[in-house]
Amino acid sequence: MSKPRIAIVGAGLGGIAAALLLRQEGFEPILYEQAPAFSRLGAGIHVGPNVMKIMRRIGLEGAMEAMGSHPDYWYSRNGADAAILSQIPLGDFARKHYGASYLTVHRGDFHQLMVDAFPASSLLYNKRLTGIEDRGRNVVLRFEDGTVAEADIVIGADGVNSVIREHMLGAEAPRYTGWVAHRAVFSADRLAKYGFKFDQCVKWWSEDRHMMVYYVTEKQDEYYYVTGVPQAEWDMSKAWVQSSQEEMREAFAGYHPMVQALIDACDDITKWPLLERDPLPLWSRGRMVMLGDACHPMKPHMAQGAAMAIEDAAMLARCFGQVGVEDYETAFALYRANRIERASRVQKVSHDNTWLRTNEDPAWVFGYDVFEVPLIEPARV
Ligand code: FAD
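The structure reproduced in this document is the subject of the present report. Think of each chain on its own: its residues are numbered from 1, step by step along the sequence as written. Where totals are concerned, whole chains, interfaces and linings use all residues; where local detail is concerned, this predicted model gives features only for residues with pLDDT of at least 70, and gives and counts side-chain atom pairs only at 80 or more. In computing side-chain properties, one takes all heavy atoms of the structure into account and sets aside hydrogens as well as water.

**A closer look at the side chain of Ser-350**
So, point 1. Along the chain, Ser-350 falls in helix 11 (residues 340-352).
So, point 2. Only 2.7 Å separates the side chain of Ser-350 from the backbone oxygen of Val-346, close enough to count as a polar contact.
So, point 3. Every residue pair with non-hydrogen atoms within 4.5 Å of one another is taken to be in contact. In this view, Ser-350 contacts Met-298, Lys-299, His-301 and Met-302; residues no more than four positions away in its chain are not counted. The numbering of helices and of strands both runs from the N terminus, where a helix is a DSSP run of H or I of at least 4 residues and a strand a run of E of at least 2. Polar contacts, as counted here, are pairs of nitrogen or oxygen atoms within 3.5 Å of one another; within protein the pair requires one atom able to donate a hydrogen and one able to accept it, and residues that are adjacent in sequence qualify only if both atoms are side-chain atoms.

What follows is the structure in structure tokens.
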């Protein structure tokens, strides 16, 4: 392959990160995204030191530092009385011990920063993949708009309902976990009247539900909450629905007045289903490989789902750099061998929703450096 044609399907956080990292390895990937454009939807995201080391490699660490909130601690608090259950040092401690900052950011700002760093002409919108065929010598991609493209390698970064996963493993809807997440982003000004000192980053817990709360900007002028609340059923035809303050008050009855103030402060609340799959038996076949939610969707309770997608992207780029794209089967096997254990462990801990509820050591997650970790060889079959 003189100049391999790499197609990435899906320009979410995993796909755009893969595109930037592959460019750094000298490739010129094309991104195909179904959406007509991206907008700043209301959601925050944690960006741990494990991801910030990847942003450093891409050249975006400084811009991230300037964009995000820098919490000194992650607090866990008891829902009813705000008693501190854990206090995990971040801030300077994270920089010193894990090798980079711990940020909380607006998801849309983070995504836009990466999109802006990628050549616009190589990111094609309105390209919803509907069919894919591996012809041995190349792969043919068919899109809803009737267009067709060819590639030597296809990376499926197309999320929890991945068409590429379906092509490899058959149609199977993801599993609804029985939990939903409410999300709201709002101006921090609205909190002044309640007279509390709100934490920079806190998770409120009770037996079967929680609320994670943090700032999403460096100026700390926007605050965000995201919940995990049991709900028996979800209509799988809907990606999300509108929620309400009444629903939130009912779900968090008995929680501390600080939580009631957060519910009171914002009436624009959305509700999302939390979906999972069991670890997949394969991550690649022929010239196709997957990353992120396409191959290991998880509950968001470690705030590491996108982090795993971005780490996957970095490891895949590292394996291409090491092995070369000609020997893609070896590169894919090396990639999976070096990602499966970590991604599956994060999936499991996220499922159990125990992360940082007590004063545990988070070094295995935050201290990980995808570029430095020694590579393990794939098992021979
Ligand atoms: P996605 O972000 O789903 O991107 C997939 C992309 O592919 C989309 O742009 C989609 O439009 C496109 N696409 C899909 N199908 C096609 C097609 N057929 N053709 C073309 N394009 C297609 N993670 C964290 O790291 N930290 C957090 O704090 C955090 N909080 C979360 C809170 C909630 C409530 C939820 C639900 C998730 C949270 N996550 C968090 C997890 C994170 O959102 C996902 O793990 C992450 O977005 C996965 O990235 P991805 O690129 O694999 O998939």
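**Here's the deal with the packing of helix 1 (residues 13-24) against helix 5 (residues 107-116)**
Each pair of packed helices gets described by two things: the angle between the helix axes and the distance between those axes.
So, point 1. Two elements in contact, helix 1 and helix 5, have axes separated by 9 Å at closest approach and are oriented at 25°. Taken together, the axis directions place helix 1 and helix 5 in an arrangement best described as roughly parallel. Crossing of helix 1 against helix 5: the hand is left-handed. Between helix 1, through Leu-13, Ile-16, Ala-17 and Leu-20, and helix 5, the contact on the second element is made entirely by Arg-107, Phe-110, His-111, Met-114 and Val-115. Between the N-to-C directions of two axes lies an angle of 0 to 180 degrees, each axis being a line fitted to C-alpha atoms and, for a helix, fitted only over the stretch in contact. By the definition adopted for this analysis, an angle is roughly parallel if under 35 degrees, roughly antiparallel if over 145, roughly perpendicular if from 65 to 115, and oblique otherwise. With the far helix as reference, a near helix turned anticlockwise by less than a right angle produces a left-handed crossing, and one turned clockwise produces a right-handed crossing.

**Structural notes on the packing of aromatic side chains**
So, point 1. Each aromatic pair joins two rings of Phe, Tyr and Trp (for Trp, the six-membered one) with centres within 6.5 Å, and gets the label stacked for planes under 30 degrees apart, edge-to-face for over 60, and tilted for any other angle. Tallied over the entire structure, the rule returns 20 aromatic pairs.
So, point 2. Judged by centre distance (5.9 Å) and plane angle (70°), the rings of Phe-198 and Tyr-223 are edge-to-face. Placement of Phe-198 in the loop between strand 12 (175-187) and strand 13 (201-205) and of Tyr-223 in strand 15 (residues 222-230) is noted, with a sequence separation of 25 residues between them.
So, point 3. Each residue is assigned to one of three classes by its accessible area relative to the maximum for its type, calculated with a 1.4 Å probe on protein chains only: buried under 20%, partly exposed between the two thresholds, exposed over 50%. According to the relative accessible area criterion, Phe-198 is buried, its value standing at 10%.
So, point 4. In this structure Tyr-223 comes out as buried when scored by relative accessible area, which is 1%.
So, point 5. Arranged with centres 5.2 Å apart and planes meeting at 70°, the rings of Tyr-214 and Tyr-224 form a pair that is edge-to-face. Of this pair, Tyr-214 sits in strand 14 (residues 210-215) while Tyr-224 sits in strand 15, placing them 10 residues apart in sequence. The burial state of Tyr-214 is the same as that of Tyr-224; both residues are buried.
So, point 6. Taking the ring centre of Tyr-75 as reference, the NZ or CZ of Arg-77 above it sits at 5.3 Å. Definition used: whenever NZ (Lys) or CZ (Arg) falls within 6 Å of the ring centre and also within 35 degrees of the ring normal, the charge is taken to sit over that ring.

**A few points about helix 10 (residues 328-337)**
Structurally, the α-helix is built with 3.6 residues per turn, so residues lying three or four positions apart point the same way.
So, point 1. Residues Tyr-328, Ala-331, Phe-332, Leu-334, Tyr-335 and Ala-337 constitute the buried set of helix 10.
So, point 2. Of the surrounding secondary structure, the elements contacted by the buried residues of helix 10 are strand 11 (153-156), strand 18 (284-285), strand 19 (288-290), helix 9 (305-323) and helix 11.

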